[in-house]
Amino acid sequence: MSLQLRLFGGGQPTAGKFSASNDGSHAIDKSKVLAQTDAEVITPKTPGNFSSIRSVPVVPDPRYFDREQADALKNLAKEKTDGARQSKRAYKSLAKIEAADKTVHKEHRKYEGAVAQNELGKKRADTGLAKKLHGLRPGYARLGLGIDKADSDARTRIDEIKTKLTGGSN
């Protein structure tokens, strides 16, 4: 059988044989590696919409306000100031949650890297054992041939004894 057929198969079962899964090829999809973790996450390719918040319309021209308007704006300013304080707390908490998520994500990837590295080490050990076992095959073949020869020699001697004792007839 040619080396190419042995390496890549020729209609025979591939169990235990060299296959495309371990010839140095890979299935790492760059687009999956670089895919966003969420459709709304901000990246250079999805920079967001640069929206802002505006609680009151812009006053385009100088103008006078009456007491009622000024009091209403003062109350709205208090509301918005408190809302800003609460929003600041909420965004700070959201940032901490994101940081915690990143830590978990990063540590999980380290773990996966360790699993992959250790898997390679295990496969190296398996390969070493397979090579060692293949190296032992000639010795086992010699032992088997020795047993076959001893069996054959014994049968020959037994046949000789039978012939001698029975006077040439079986």
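Structure first, text after, so check above.
Below is a short write-up of the structure.

Rules used throughout
- Residues numbered from 1 in each chain as written.
- Predicted model: local features only at pLDDT ≥ 70, side-chain atom pairs only at ≥ 80, totals over all residues.
- Heavy atoms only, no water.
- Helix = DSSP H or I, 4+ residues; strand = E, 2+ residues; numbered from the N terminus.
- Buried < 20%, exposed > 50% of the residue type's maximum accessible area, 1.4 Å probe, protein only.
- Areas by Shrake-Rupley, 256 points an atom, 1.4 Å probe, with all protein chains shown as cover.
- Phe/Tyr/Trp six-rings, centres within 6.5 Å; stacked < 30°, edge-to-face > 60°.
- Lys NZ or Arg CZ within 6 Å of the ring centre and 35° of its normal.
- Patch = residues over 30% accessible without salt bridge, like charges linked within 9 Å, V, L, I, M, F, W, Y side chains within 5 Å.
- Salt bridge = Lys/Arg side-chain N within 4 Å of Asp/Glu carboxyl O.
- Lys, Arg positive; Asp, Glu negative; His and termini not counted.
- Charge placed at Lys NZ, Arg CZ, Asp CG, Glu CD.

A separate point is the overall build of the chain. Helix and strand counts for the chain stand at three helices and zero strands. Listing the helices and strands of the chain from first to last along the sequence gives α-α-α. Across the 170 residues in the chain, those meeting the buried criterion constitute 0%. Surface summary for the chain: the accessible area is close to 16000 Å², and the carbon and sulfur share equals 58%.

Inspection of the entire model under this criterion finds zero aromatic pairs. Here the guanidinium or amino end of Arg 63 rests over the ring plane of Phe 65, the centre of that ring lying 4.0 Å away.

Looking now at a nonpolar patch on the surface. Judged by side-chain polarity, Leu 129, Leu 133, Leu 136, Tyr 140 and Leu 143 come together as a nonpolar surface patch covering roughly 540 Å² of accessible area. Note on placement: Leu 136 falls in helix α3 (residues 67-166).

Before going further, it helps to examine a negative patch on the surface. Negative charge collects at one region of the surface, where Asp 38, Glu 40, Glu 98 and Asp 101 lie side by side. Along the chain, Asp 101 turns up in helix α3.

Next up on the list: unusual backbone geometry. A positive phi angle, near 55 degrees, is found at Phe 50, a position not held by glycine. Since its relative accessible area comes to 72%, Phe 50 is described here as exposed.

These values are about where atoms sit, not about what they do.
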